[in-house]
2 protein chains.
Amino acid sequence: MSLNNFFNPKSISVIGASKNKKKFGYVIIENLIREFNGKIYPIHLKEKKILGLDCYSSVTDVKEKIDLAIIVISANMVPNIIKECSKKHIKNIIIISGGFSETGNKKDEQVIKKLIKKNNMRIIGPNTIGIYDSCSGVDTIFDPVCRFKRPTTGFISFISQSGAFGAATLDLVAFQGIGINKFISLGNKIDVDEIDIIKYLSKDKKTKAIILYIEGIDNGREFIKICKKVSKKKPIIALKSGKSKKTKNAIMSHTGSLAGHAKIYSGAFKQSGIIEVEESDQLFDFAKAFAQPLPKSNRIMILTNGGGFGCIATDEVDKNKLVMASPYESTIKNIKSKMPDYATISNPMDLIGDADSERYEIALENLMKDNNIDGIIVIILMQISTLYPNIIDVLLDINKKFKKPLLVCMMGGKFTLRYTKILEKNGVPCYSSPEKAVSAFKIMVYYKNILEDF
Amino acid sequence: MSLNNFFNPKSISVIGASKNKKKFGYVIIENLIREFNGKIYPIHLKEKKILGLDCYSSVTDVKEKIDLAIIVISANMVPNIIKECSKKHIKNIIIISGGFSETGNKKDEQVIKKLIKKNNMRIIGPNTIGIYDSCSGVDTIFDPVCRFKRPTTGFISFISQSGAFGAATLDLVAFQGIGINKFISLGNKIDVDEIDIIKYLSKDKKTKAIILYIEGIDNGREFIKICKKVSKKKPIIALKSGKSKKTKNAIMSHTGSLAGHAKIYSGAFKQSGIIEVEESDQLFDFAKAFAQPLPKSNRIMILTNGGGFGCIATDEVDKNKLVMASPYESTIKNIKSKMPDYATISNPMDLIGDADSERYEIALENLMKDNNIDGIIVIILMQISTLYPNIIDVLLDINKKFKKPLLVCMMGGKFTLRYTKILEKNGVPCYSSPEKAVSAFKIMVYYKNILEDF
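Residues numbered from 1 in each chain as written. Chains lettered and ligands numbered in written order. Predicted model: local features only at pLDDT ≥ 70, side-chain atom pairs only at ≥ 80, totals over all residues. Heavy atoms only, no water.

S.K.: Sorry if this is basic, but what is going on with the sheet that holds strand 1 (residues 11-15) of chain B here?
M.R.: Two pairing modes exist for strands in a sheet, parallel and antiparallel, and in both the strands are linked by backbone hydrogen bonds. All names here are of chain B. Strand order in the open sheet formed by 5 strands is 2-1-5-6-7, with parallel pairing between adjacent strands. Only two strands of the sheet have a single partner each, and these edge strands are strand 2 (39-43) and strand 7 (122-124). On average, each strand axis in the sheet is tilted by 20 degrees relative to the strand beside it, whichever way the strands run. One ladder, built from 5 bridges, connects strand 1 with strand 2; its direction is parallel. (Pairing = 2+ DSSP bridges. Helix = DSSP H or I, 4+ residues; strand = E, 2+ residues; numbered from the N terminus. Axes fitted to C-alpha atoms, helices over the stretch in contact; angles between N-to-C directions.)

What follows is the structure, given as structure tokens:
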């Protein structure tokens, strides 16, 4: 059975709908009304209307076809509801409700598993926050938008075994202006697991990079086999948690999943062409870099209007075993002829604190054309008043004109963040520290090597 | 000569004042008017008034005493201006202007050095953005506040050899709600250097932690000697840049300073009791932790309402060779008796997604009293609507009541950031990822050991 109805249903039924603003069954309907264009059928035993929508006492009372059911009722009632869904020929179901194997209740999970097989259904969950699809507007996340702004549309899809980690990360990246394509919280994985979703996303044209937060994988061999194939098409960036003994117990009790040994996973990831991260905030830092073309090799150019930043970035290039590019003499000469004497025209290239957008434009035009340079990191201090915000136009124009990876680093507060968001939206990844930008470039080189090694 | 007039002058003269909004001489006066309570004397050859202030053609025309002079005129004119300052008995001078040894102009620097000695002056710079003192309102940073919001008052003082890195970092931490006490950009260091400032800050009661961004140190022995003393009183957290050969050239051309070998510096830092960071964003992540009391040992408790976060934090505790605390059986029993069955009452402790402030309060009260626990990291998902913002009151009350380190991790967007700022303002350090919170706790343990080892 296809997973497509999870992401592109024409109609959704919310079983356990509510008029109580604090209930998940209210928040989900409120969020669906906002962004989802299809039909919404709230199910509640007594209510006639919820948020202006006609309410039904069972899915079987709905005459129209239902593509996707979202269940938010108590665990013990779920098996019966699944039976009703089967009568209504609903094939795709998300069980938001917790209270299953993660709390010791394996019985109800077993019953549901049998029903799935019998009725050829696909189920995400239970114990999940479900799905957020920025294109179709499917949004089962029960956090209200006043607390958790949804990300705009982007090319990254994100699979998270943990709902909490997934939601908080989405909220953070939305704030940074990073787009998302699809988000899937796996929960207890009684049916749909990371392998199913990775397979689906590999064929999804809107997804160009896959992020995976995983605590435990049940079918290791299949996972490696699939990821080996998919990582040749799209980068897969993963964080594995549950490396210590203590964590294993914690995972057992929160998603009912068995966590495996760190080294085994790292080995499997490497074998599968997966990019493993060490820290959670690297997931999106790395994934968003793939908005850019891959570098031909590892020779990097650092361009800045703040000397100290140039130094920090250069150290980081060294630490990451990348190479500081040596531009052609003619490139240096061309740039020098148009810059004030006090600018430092080498690599790192320091256009000095009083640099304006024009200086950046001259430097970038020349550096982009130089075949000794495989990628450019531009570090910009937006705080300085001599630099007008039209530097953003310069960057976007240069980015369109040349097929060479361009990463930006801008560190700062509200004013800086405003322009960070514009760059992100237009496919120019933007980092809050030089170290992060350099690490991202390293990962681009790493992925390029993965593609060549296979 | 004391450095005190740099931070607490009663009167300031700005030499090179301007009516042109784009000029540093305008922005600095505008910023001083906003926050500085003393007298301001703009100096300009022709103007009579600037921003409503009486303007003088020379400092010698000012009748009243001038405690601090800020110079923003061309390098070649600076020596003469210093002579005028000496006539006026101004002992503290900040030379903002660039164009000295960093661009090859050593001559003017030499002249100024001689004048300093002869007249018993103290000079910060040249080629610097100077000082920001959040208490006195001295602010020589020439970036306008619309682009760069100044931080509120805090206990961290920050010495940066690079003005650009300093400014961008301040802007970033201001946005995160982290306070600053004093900021000093050293520039070319022809007189006042990091040693002078560290000595001054060691006696400054408002400064409880010192951050240092350094590219090169000229007097290594003295530096070690002083830092050894000061780090016994206050933590010093440092980032050394200029570790690769390429960086050394870059540093030479942007602050005229010689960068030394990384290992020599790391050794010197260790010997001096300095906490060296690997990445720039760790500087404030670590420093702000010292708002909390030091832990007795390394046994840490993880408390959360998001299982995945508990796992990530536990992995990080393991990775950092800290110890997951084992609470007393009675603690576990007490907490269990007041929690729903599905909560995981161990370490990590998962209060589950529907946890409210009361659940956190019960857990924290019990965990704080437990002598098997040396510190607590509380990870909170503010996105969930069942958790009311009064969780912030719970945290602040608990923090007041107990003398045990409490670090918070909240990941998210605008809504979350609002509460992050309140926590920071009230001395509860708040981190955007579990990894960052655990690393900060590790540094607290590390500093505690430094204090004991000396």
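S.K.: I'm lost on the relation of the copies chain A and chain B in this one. Help?
M.R.: Note on the chain copies: they are related by a rotation about an axis and a translation along it. Note on the copies: chain A fits chain B at an RMSD of 0.0 Å, the axial shift is 0.0 Å, and the rotation between them is 180 degrees. As the rotation angle and translation indicate, the two copies are arranged about a two-fold axis. Within chain A, the C-alpha atom positioned nearest to the axis of rotation is that of K414 of chain A, 5.6 Å from it. Both copies contact each other with a shared surface, as 100% of the interface residues of chain A are interface residues in chain B too. (Least-squares fit on C-alpha atoms with pLDDT ≥ 70 in both. Contact = heavy atoms within 4.5 Å.)

S.K.: Got a minute to help me understand the side chain of S157 of chain B in this structure?
M.R.: All names here are of chain B. With respect to the helices and strands, the residue S157 is situated in strand 9 (residues 156-160). You can call S157 buried: its relative accessible area is 0%. Excluding anything up to four places from it in sequence, S157 contacts N181, K182, L201, T207, A209, I210 and I211. (Buried < 20%, exposed > 50% of the residue type's maximum accessible area, 1.4 Å probe, protein only.)

S.K.: Looking at this model, I keep getting lost on a positive patch on the surface. Mind explaining?
M.R.: A contiguous patch of positive charge on the surface is contributed by K149, K414 and R418 of chain A together with K149, K414 and R418 of chain B. Elements that contribute at least two residues to the positive patch include exactly helix 15 (414-425) of chain A together with helix 15 (414-425) of chain B. Along the polypeptide, K149 of chain B turns up in the loop between strand 8 (131-133) and strand 9. On the basis of relative accessibility, which here comes to 52%, the residue K149 of chain B falls in the exposed class. (Patch = residues over 30% accessible without salt bridge, like charges linked within 9 Å, V, L, I, M, F, W, Y side chains within 5 Å. Areas by Shrake-Rupley, 256 points an atom, 1.4 Å probe, with all protein chains shown as cover. Salt bridge = Lys/Arg side-chain N within 4 Å of Asp/Glu carboxyl O. Lys, Arg positive; Asp, Glu negative; His and termini not counted. Charge placed at Lys NZ, Arg CZ, Asp CG, Glu CD.)

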